[in-house]
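Summary of structural features
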Amino acid sequence: MENLSTTFHPKHVLEEYGPVHPNDGAKICIICETCISSRPNYFYCRVCDFFFHKECHTTLMESNLTIDRPRTHEHKLTFIRKTNSFNCDACGEVRSKKMNMYACLPCNFFIHRNCIYLPKVIKLTCHSHRLFHTYHVPDCNTGCSLCFASFVSGCGGYMCINKTCDYKLHSYCATHELIWDGRDVEGEPEETSNSEDVTSLKDVDGNTFRHFSHHHDLLRFCVDGEDEGDERICQACILPIDFDSFLGCKECGFALHDTCASLPRKMEYQFYRHPLALEVDIEEGFFSCS
Ligand SMILES: [Zn+2]
Ligand SMILES: [Zn+2]
Ligand SMILES: [Zn+2]
Ligand SMILES: [Zn+2]
Ligand SMILES: [Zn+2]
Ligand SMILES: [Zn+2]
Ligand SMILES: [Zn+2]
Ligand SMILES: [Zn+2]
């Protein structure tokens with residue numbers, strides 16, 4: 001351990017520590033907000049009682065504590081070397097006791113280091129339109145469409161490009177790793193969903209049908225209540241076919257409930273990053289992620 005002061009935190013004398021002791025796992029770097037044990041060397045300020053990685057400190061100082069005109073703001077941003085307890089303009093959150101914000105003072109603009117790189121335009125499977133990031137979510141009477149909590153007045157979030165939807169999300173809800181695929185689709189053409197691709201069942205001539213999962217023609221049959229011996233199993237949902245009409249193969253035992261046969265091949269599931277694809281299996285029937 002040696003004592004030194006840095007230009008990053010000049011007021012106090014810092015203690016420098018070498019490779020981290022396993023017991024230090026719970027300590028968090030005040031700059032990058034990850035565990036101190038994630039990088040080899042760190043500083044400790046006993047007066048302020050905070051830790052930061054040597055590497056994080058070096059990177060910051062090398063950048064002169066500034067980021068020049070990032071995509072999110074038209075001016076140079078400067079790192080604030082004080083723990084902050086004010087709202088981030090991009091996400092509305094306050095993460096107190098952290099040193100993680102940049103500012104453009106002429107604009108009175110404050111933003112978390114992580115929020116500087118928030119995507120501009122995203123597409124989530126839980127909503128049919130694209131969402132764009134805005135620094136001002138209007139009409140704070142309604143909350144986030146995912147978590148239903150309210151927005152901080154005058155702060156940013158994501159909104160549907162189609163204003164009539166009134167669909168809006170907190171920045172942290174919209175970019176949560178469970179629902180966002182990590183892609184910024186700004187400037188990319190919209191994927192038009194090809195209806196051929198999502199339709200499972202094709203009508204061949206009014207009587208015969210083709211299902212994408214089977215290589216023979218299918219006919220529509222009615223369940224004959226009398227005939228106990230011929231109880232077919234639906235290959236999509238693996239339940240017996242014991243009511244109404246169903247689609248059955250002329251050449252083999254393959255059969256599907258009418259409703260199961262018309263399930264789309266791709267289904268957008270509310271809380272999943274990718275659309276799910278229908279797979280029909282002789283043993284099991286299920287939707288799975290492709
Ligand atoms: Zn760090
Ligand atoms: Zn200090
Ligand atoms: Zn933020
Ligand atoms: Zn500015
Ligand atoms: Zn919409
Ligand atoms: Zn939310
Ligand atoms: Zn079925
Ligand atoms: Zn068949």
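Data block above holds the structure.
Keep in mind the model is a prediction, meaning the values are calculated, not measured.

1. Notes on the overall build of the chain
- Along its length, the chain carries four helices and 20 strands.
- Out of the 290 residues in the chain, the part that is buried amounts to 39%.
- Just so you have it, the chain exposes about 16,600 Å², and 51% of that area is on carbon and sulfur atoms.

2. Topic: the coordination of the zinc ion (ligand 8)
- Protein-derived ligands of the zinc ion (ligand 8) are His214 (NE2), His216 (ND1), Cys249 (SG) and Cys252 (SG), with the metal-ligand distances lying across 2.0 to 2.2 Å.
- Seen from the zinc ion (ligand 8), its four donor atoms lie at angles of 103 to 124 degrees, and the figure they make is tetrahedral.
- One chain supplies every donor to the zinc ion (ligand 8), and in sequence these donors are spaced H-x1-H-x32-C-x2-C. A residue pair is termed long-range when its members are at least 10 positions apart, and histidine 216 in the loop between strand 14 (208-211) and strand 15 (218-222) and cysteine 249 in strand 16 (residues 245-249) qualify at 33 residues.

3. Some words on helix 1 (residues 54-62)
- Those residues of helix 1 that sit buried are Cys56, His57 and Leu60. An end-on view of helix 1 places all buried positions within 100 degrees of arc, on one side of the element.
- Contact partners of the buried residues in helix 1: strand 3 (42-45), strand 4 (50-53), strand 6 (77-79) and strand 7 (101-104).
- Where helix 1 ends, the next residue or the one after it, asparagine 64, has phi of about 65 degrees, a positive value.

4. As for the coordination of the zinc ion (ligand 3)
- Looking at the zinc ion (ligand 3), one finds its protein donor set to be Cys88 (SG), Cys91 (SG), His112 (ND1) and Cys115 (SG), positioned 2.1 to 2.3 Å from the metal centre.
- Considering all four donor atoms around the zinc ion (ligand 3), the spread of angles at the metal, 100 to 118 degrees, places the coordination shape in the tetrahedral class.
- Binding-site remark: the zinc ion (ligand 3) is held by donors from one chain whose sequence spacing is C-x2-C-x20-H-x2-C. Residue cysteine 88 is found in the loop between strand 6 and strand 7, and its partner cysteine 115 is found in the loop between strand 8 (109-112) and strand 9 (121-122); the two are separated by 27 residues along the sequence. For the pair cysteine 88 and cysteine 115, a shared accessibility class is recorded, and that class is buried.

5. Digging into the sheet that holds strand 5 (residues 66-67)
- Reading across from one edge, 5-6-7-8 is the order of the four strands in this open sheet, with antiparallel pairing throughout. What marks the edges here is a single partner per strand, and that holds for strand 5 and strand 8.
- Both strand 5 and strand 6 contribute to a ladder of two bridges, which runs antiparallel. Within strand 6, the residue paired with isoleucine 67 across the bridge is leucine 77.

6. Notes on the packing of aromatic side chains
- Enumeration over the complete set of coordinates arrives at 11 aromatic pairs.
- Taking the centre distance of 5.3 Å and the plane angle of 85 degrees together, the rings of phenylalanine 109 and tyrosine 135 count as edge-to-face. In this pair, phenylalanine 109 is assigned in strand 8 and tyrosine 135 in the loop between strand 10 (131-134) and strand 11 (157-160), connecting sequence segments 26 residues apart.
- Judged by relative accessible area, which is 7%, phenylalanine 109 ranks as buried.

7. Details of the sheet that holds strand 15
- In space, the five strands of this open sheet follow the order 13-14-15-16-17, with antiparallel pairing throughout. Among the strands making up the open sheet, the edge pair consists of strand 13 (201-203) and strand 17 (255-257). In this sheet, adjacent strand axes meet at a mean angle of 40 degrees when their direction is disregarded.
- Relative to strand 17, strand 16 runs antiparallel, the two sharing three bridges. The partner of phenylalanine 246 across the bridge, within strand 17, is histidine 257.

8. A short note on the nonpolar core
- In this structure, Ile31, Phe52, Ile111 and Leu169 are the most contacted members of the largest nonpolar core, which totals 50 residues.
- Contributing elements (two or more residues each) for this core: strand 3, strand 4, helix 1, strand 6, strand 7, strand 8, strand 11 and helix 2 (171-174).
- Apart from the residues lying within four places of it in its own chain, the contact partners of phenylalanine 52 are Phe8, Leu14, Cys29, Ile30, Ile31, Ile36, Tyr42, Phe43 and His57.

9. Comments concerning the pattern of salt bridges
- Applying the stated rule across the entire model yields 14 salt bridges.
- The closest approach of N and O atoms between glutamate 190 and arginine 130, which form a salt bridge, is 3.7 Å. Pair noted here: glutamate 190 is in the loop between helix 2 and helix 3 (195-198) and arginine 130 is in the loop between strand 9 and strand 10, with a separation of 60 residues, a long-range link.
- By relative accessible area, which is 10% here, arginine 130 ends up buried.
- Residues arginine 183 and glutamate 188 are paired through a salt bridge, measuring 2.8 Å at the closest nitrogen-oxygen approach.
- Residue class for arginine 183 comes out partly exposed when judged on its relative accessible area of 36%.

10. Points about the pairing of strand 8
- Burial of the side chains of strand 8 extends over both faces: Phe109 and Ile111 are buried on one face and Phe110 and His112 on the other.
- Strand direction decides the pairing type here: strand 7 and strand 8, joined by four bridges, are antiparallel. Across the sheet, residue tyrosine 102 finds its bridge partner in strand 8, namely isoleucine 111.
- Hairpin geometry of strand 7 and strand 8 is characterised by an intervening segment of four residues between the two adjacent antiparallel strands and by a positive phi of about 55 degrees at asparagine 108.

What counts and how
- Residue numbering note: each chain is counted from 1, following its sequence as written.
- Working convention: letters from A go to chains and numbers from 1 go to ligands, in the order in which they are written.
- Selection of residues for local features in this predicted model requires a pLDDT of at least 70, selection of side-chain atom pairs for listing and counting requires 80 or more, and totals for whole chains, interfaces and linings are taken over all residues.
- Hydrogens and water are ignored here; the side-chain numbers use all heavy atoms of the structure.
- Only DSSP runs of H or I with at least four residues qualify as helices, and only runs of E with at least two residues qualify as strands; both kinds are numbered from the N terminus onward.
- The buried label goes to any residue with under 20% of its type's maximum accessible area, the exposed label to any with over 50%, and the partly exposed label to all in between, with areas taken from a 1.4 Å probe on protein chains only.
- Each accessible area is a Shrake-Rupley result for a 1.4 Å probe, and residues are judged covered by the shown protein chains and nothing else.
- Coordination shells were defined by N, O and S atoms within 2.8 Å of each metal, extended to 3.2 Å for Na, K and Ca; water is absent from the atom set, which can make sites look incomplete.
- Four donors are marked tetrahedral only if all angles between them lie between 85 and 135 degrees, whereas four are marked square planar and six octahedral if opposite donors are more than 155 degrees apart and the other angles lie between 65 and 115; the remainder are marked irregular.
- The arc in question is the one traced by the directions running from the helix axis out to the C-beta atoms.
- Contact criterion: two residues are considered in contact whenever any of their non-hydrogen atoms come within 4.5 Å of each other.
- At least two bridges found by DSSP between two strands is the condition for calling them paired.
- A pair of aromatic rings is counted whenever rings of Phe, Tyr or Trp (Trp by its six-membered ring) have centres within 6.5 Å, and the orientation is called stacked for planes under 30 degrees apart, edge-to-face for over 60 and tilted otherwise.
- Only the contacting stretch of a helix is used when fitting its axis, a line to C-alpha atoms as for every element, and angles between N-to-C directions run 0 to 180 degrees.
- To form a nonpolar core, buried Ala, Val, Leu, Ile, Met, Phe, Trp, Tyr and Cys residues must be joined to one another through side-chain atoms within 4.5 Å.
- The rule for a salt bridge is simple: a side-chain nitrogen of Lys or Arg has to be within 4 Å of a carboxyl oxygen of Asp or Glu.

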